[in-house]
Amino acid sequence: MRAIQTSQTFQAFQSQPTLTTPVSRLTIVCLADALGALRKQMFIDLTALGLRATRVSITRWSDRNEASATVTLDCPLASRASLTSLVMRLSGERSVRRVFWSDDASRHVSVAVRSTHA
């Protein structure tokens, strides 16, 4: 019974993020060696846009020499155009393989990156 109460308390705590600000998720897949620099630049850019990251998740694949960073952030509707511009700019980085952006309205944008085999 205590585990259920703890679980319910945790769920209630998780459901409290800002209810008026839409949540967006930005995922960048890049070369593993470039992840640190890209993540730092992304946070500088997000701060400049006035966007607040609420969660960060890092994944590394040793068999592919790739890594990804997924950033969950509060993104007001007025900032969507700026976030879209950031996504497009990040997708042009040489070490970036893919960029995904989704929001809480289930809209999903995937930016295809030029082939590295050309």
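Residues numbered from 1 in each chain as written. Predicted model: local features only at pLDDT ≥ 70, side-chain atom pairs only at ≥ 80, totals over all residues. Heavy atoms only, no water.

In the nomenclature of an unreviewed UniProt entry, the chain is known as ACT domain-containing protein of Pandoraea eparura.

## Digging into the nonpolar core
Rule in force here: Residues belong to a common nonpolar core when they are buried Ala, Val, Leu, Ile, Met, Phe, Trp, Tyr or Cys residues joined through side-chain atoms within 4.5 Å. Relative accessible area decides the class of each residue, using a 1.4 Å probe on protein chains only: under 20% of the type maximum gives buried, over 50% gives exposed, and in between gives partly exposed. Here a residue-residue contact requires only that any non-hydrogen atoms of the pair lie within 4.5 Å.
One finds Leu-26, Met-42, Leu-46, Leu-73, Leu-83 and Leu-90 to be the most contacted residues of the largest nonpolar core, which totals 22 residues. When neighbours within four sequence positions are excluded, Leu-46 is seen to be in contact with Leu-51, Val-71, Leu-73, Leu-83 and Leu-86.

## Some words on the pairing of strand β3 (residues 66-74)
Sheet faces and side chains relate simply in a regular strand, where the side chains alternate between the two faces. The line we're drawing: Counting from the N terminus, the helices are DSSP H or I runs at least four residues long and the strands are E runs at least two residues long. Following DSSP output, two strands are said to pair if at least two bridges run between them.
A large share of β3 lies buried, amounting to eight of its nine residues. Across nine bridges, strand β1 (residues 23-31) lies against β3 in antiparallel orientation. For Arg-25, the partnering residue across the bridge sits in β3 and is Thr-72. The sheet contact formed by strand β2 (residues 52-61) and β3 spans nine bridges and is antiparallel. Considered in β3, the bridge of Thr-59 is made with Ser-68. Between β2 and the antiparallel strand that follows it, β3, lie four residues; Asn-65 among them carries a positive phi value of about 55 degrees.

## Let's talk about the packing of aromatic side chains
Rule in force here: Pairing of aromatic rings covers Phe, Tyr and Trp, the last counted by its six-membered ring, and requires centre-to-centre distances within 6.5 Å; plane angles under 30 degrees mean stacked, over 60 mean edge-to-face, and any other angle means tilted. Criterion for a charge above a ring: Arg CZ or Lys NZ at most 6 Å from the ring centre, at most 35 degrees from the ring normal.
Scanning all chains against the criterion turns up zero aromatic pairs. The ring of Trp-61 has Arg-64 lying over it, and the distance from NZ or CZ to the ring centre is 4.3 Å.

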